Amino acid sequence: MEMIHMTTLTAYLAGDRSIAVLTGAGISVPSGIPPFRGAGGLYNNKDVERCLSVNYLRRQPREFWAFYRSLFAIDLLLGAEPNAVHRWLSSLEAGHQMTVITQNIDGLHRKASSTHVIEMHGSFDRTVCPACGKVYHTATIRHQSFPHCSAKRNGTICGSVLKPDIVLFGEPVRGFAEAERAVTAADRFIILGSSLAVAPANFLPVLAKAQGVPTLLINDRPALQMDGIDCFVRADFSRFDPEQLQV
Ligand SMILES: [Zn+2]
């Protein structure tokens, strides 16, 4: 009979020098942020792909902003606080070289003081001017129904329509090459709270595996595609405890 040795997540990772992590919406649910897909998901709205697109922002900016504001509860997202999962990943920096790659736009890894974070889909807490590049904290423009840039250039107000600093449909993700380098160079790759439904992030486990990097999925359910996943651990993120979770 084959012996199976179980250990805690903390002990399991103790020998790893560098760890790359991919996080998805599942880890932010305990912070009160609804998932984008699946039951109760924000993106179940049938107009999302059309209306949350870069083309719609260009062609019908007023309608874009009305849709955007109706889809996201801005104050809820800005007021969300990191939970035990975000804090744990930040604490791992004390003993490991960490890279956190996230599909989430809630900025909670930065709030939890993780220092090396790749936000593949941008961040909700920033709003930018496509014309002059000025970056606004979303809190400062949240009461404007149709926000415009107030920066002064050569004595005149810029006045361009602002853009949420998130990756819209029709735009490429950010930092994928950097994410790929981090994942393939790590001693371990952990996927947390993602069902790996969205490209190109869902390629990362296969890329890691091809380089011999062991991969670990921690989620409340198996991923939609388990290619490249060496080990799956089921976890309830609302009660996440790396000292108790058995791997
Ligand atoms: Zn501007």
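For clarity, every value in this text was computed on a predicted model and none was experimentally measured. (Residues numbered from 1 in each chain as written. Predicted model: local features only at pLDDT ≥ 70, side-chain atom pairs only at ≥ 80, totals over all residues. Heavy atoms only, no water.)

A word on the pattern of salt bridges. Note on pairing: side chains with opposite charge can pair once their charged atoms come close. Per the counting criterion, the structure on display carries 12 salt bridges. Between R142 and D75 there is a salt bridge; the shortest N-O distance is 2.7 Å. Of this pair, R142 sits in the loop between α8 (138-141) and β6 (152-153) while D75 sits in helix α5 (residues 74-79), placing them 67 residues apart in sequence. In this structure R142 comes out as partly exposed when scored by relative accessible area, which is 27%. (Salt bridge = Lys/Arg side-chain N within 4 Å of Asp/Glu carboxyl O. Helix = DSSP H or I, 4+ residues; strand = E, 2+ residues; numbered from the N terminus. Buried < 20%, exposed > 50% of the residue type's maximum accessible area, 1.4 Å probe, protein only.)

Attention shifts here to the environment of A210. Here A210 is to be found in helix α10 (residues 204-210). A relative accessible area of 62% places A210 in the exposed class. Separated by 194 residues in the primary sequence, A210 and D16 have C-alpha atoms spaced 18 Å apart.

Further remarks concern unusual backbone geometry. Residue P200 is bonded to the preceding A199 through a cis peptide linkage, with omega at 0 degrees. Tracing the backbone through its elements, the reader meets P200 in the loop between β9 (188-192) and α10. For L196, which is not glycine, the phi torsion reads 55 degrees and is therefore positive. Along the polypeptide, L196 turns up in the loop between β9 and α10. Looking at L196, the relative accessible area reads 2%, which means it is buried.

So, about the coordination of the zinc ion. Taken together, the protein donors to the zinc ion comprise C129 (SG), C132 (SG), C149 (SG) and C158 (SG), at separations of 2.3 to 2.4 Å. Considering all four donor atoms around the zinc ion, the spread of angles at the metal, 106 to 121 degrees, places the coordination shape in the tetrahedral class. Summarised as a motif, the one-chain spacing of the donors to the zinc ion is C-x2-C-x16-C-x8-C. A residue pair is termed long-range when its members are at least 10 positions apart, and C132 in the loop between β4 (122-128) and β5 (135-137) and C158 in the loop between β7 (156-157) and β8 (163-166) qualify at 26 residues. You can call C158 buried: its relative accessible area is 15%. (Donors = N, O, S within 2.8 Å, 3.2 Å for Na, K, Ca; no water. Tetrahedral: all angles 85-135°; square planar, octahedral: opposite > 155°, others 65-115°.)

On to helix α4 (residues 61-71). All of the buried residues along α4 are F64, W65, F67, Y68 and L71. Around the axis of α4, the buried residues are gathered within 165 degrees of arc, so they sit on the same side. Looking at α4, the residues exposed on the side facing more than 90 degrees away from the buried face are R62 and S70. Against α2 (48-51), α3 (54-59), β4, α8 and β8 lie the buried residues of α4. (Arc of directions from axis to C-beta. Contact = heavy atoms within 4.5 Å.)

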